[in-house]
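Geometric and topological summary
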Amino acid sequence: MSKRSEEVLKENRLNFDGNFKLLGRADVSKIKALVNQLTPQHWVADQSRQERYNVHKDTQSIGLVYDLDFRHMNPTQHPALQMFGQAISPILSLIADHYDNTSIGKAMAEKYGQGYCIRANLVRLNPKGEIDPHQDKNFSLAHSHRIHIPIITNPQVKFTVGDETRCLQEGEIVEINNRREHAVKNESGGERVHLIFDWVIPGEPCCCALSKHQEEMCNPTLCEDTSLMRVPCECYPINSSIQ
Ligand SMILES: [Zn+2]
Ligand SMILES: [Zn+2]
């Protein structure tokens, strides 16, 4: 492997060597106050997520920025963004600063432009609800950073990524490694609400890019087998050995 590739691989933090990564903390009281104004009707208005994916049967979501086709650029902003935009903007700035200042973020911004939020959703998990173990399998999810911010939660909500289970705290801004199997159990009688962002660093290669198509940039065709995990990702042993 060339030196350049090794460096890029080292810098590649999409499928990072870990399960959870704390990016920072935020005061979410304004977002929480807005969420507390939502009625059950707000939460059931958009059933698309739970109808499409059985693992989300116990969840309801309110999409601020999203597209059902999981496109990777030019996302659609939805009316709920007007309600939450001001309250979420400090968190979005913090996330942007974080990725802009990683070395991969700096290198890619010079060539391909600034990073951006491709999806932002509020996701509510029912009391005693579960999200079954799954991996996120499509091009955009495999090529973006998934960040969770608990807005309403409690110590009986358990988030498992890989072999690690954590109780994420309100206001923590946490990237999860969504290429690893992950699941959530709400063992409490209360609801759990997370704000979830997907952040794109344009041009950032997925973990399998260097082993499958070293000289070419990721695209949905080249990365189809690895995004859908039709072929297992073998990047990990390499990635770990160079830490
Ligand atoms: Zn890989
Ligand atoms: Zn790729």
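Provided above is the structure to which this section pertains.
The paragraphs below set out a description of the structure included in this document. Fair warning: this is a prediction, and the values are worked out from it, not measured in the lab.

1. A short note on the side chain of Ser140
Along the chain, Ser140 turns up in helix α7 (residues 139-142). A polar contact of 2.7 Å, which involves the side chain of Ser140, links it to the side chain of His72. Non-local contacts of Ser140, meaning those with residues more than four positions away in its chain, are made with Phe70, Arg71, His72, Ile118 and Arg119.

2. Regarding the sheet that holds strand β8 (residues 172-176)
Spatial ordering of the open sheet is given by β1-β8-β5-β10-β3-β2, a layout of 6 strands whose pairing is antiparallel. Here the strands that pair on one side only, and so sit at the sheet edges, are β1 (20-25) and β2 (59-65). The sheet shows a mean angle of 25 degrees between the axes of neighbouring strands, taken without regard to direction. As paired elements, strand β3 (residues 116-125) and strand β10 (residues 192-200) share 9 bridges and run antiparallel to each other. Note that in β10 the partner of Val123 across the bridge is His194. Sheet strands in contact with helix α2 (residues 29-37) are β3, β5 (145-152) and β10, and its direction is about 70 degrees off that of β5. Sheet contacts for helix α5 (residues 80-100): β1, β2, β3, β5, β8 and β10; angle to β10, the most-contacted strand, approximately 55 degrees.

3. Re the coordination of the zinc ion (ligand 2)
Looking at the zinc ion (ligand 2), the protein donor atoms are His143 (NE2), Cys206 (SG), Cys218 (SG) and Cys223 (SG), and they sit 2.0 to 2.3 Å from it. One way to put it: the 4 donor atoms around the zinc ion (ligand 2) meet at angles of 101 to 126 degrees, and that makes the site tetrahedral. Mapped onto the sequence, the residues coordinating the zinc ion (ligand 2) show the spacing H-x62-C-x11-C-x4-C. Taken together, the residues Cys206 in the loop between β10 and α8 (209-212) and Cys218 in the loop between α8 and α9 (224-227) connect sequence positions 12 residues apart. Of the residues examined, Cys206 reaches a relative accessible area of 5% and is grouped as buried.

4. Some words on the packing of aromatic side chains
What the rule picks out here adds up to 2 aromatic pairs. Look at Phe20 and Phe159: their rings are 5.8 Å apart centre to centre, the planes differ by 90 degrees, and that puts the pair in the edge-to-face class. Residue Phe20 is found in strand β1, and its partner Phe159 is found in strand β6 (residues 157-161); the two are separated by 139 residues along the sequence. Assigned by exposure class, Phe20 and Phe159 land together as buried.

Parameters at a glance
Residues numbered from 1 in each chain as written. Chains lettered and ligands numbered in written order. Predicted model: local features only at pLDDT ≥ 70, side-chain atom pairs only at ≥ 80, totals over all residues. Heavy atoms only, no water. Helix = DSSP H or I, 4+ residues; strand = E, 2+ residues; numbered from the N terminus. Polar contact = N/O pair within 3.5 Å; in protein donor to acceptor, adjacent residues only side chain to side chain. Contact = heavy atoms within 4.5 Å. Pairing = 2+ DSSP bridges. Axes fitted to C-alpha atoms, helices over the stretch in contact; angles between N-to-C directions. Donors = N, O, S within 2.8 Å, 3.2 Å for Na, K, Ca; no water. Tetrahedral: all angles 85-135°; square planar, octahedral: opposite > 155°, others 65-115°. Buried < 20%, exposed > 50% of the residue type's maximum accessible area, 1.4 Å probe, protein only. Phe/Tyr/Trp six-rings, centres within 6.5 Å; stacked < 30°, edge-to-face > 60°.

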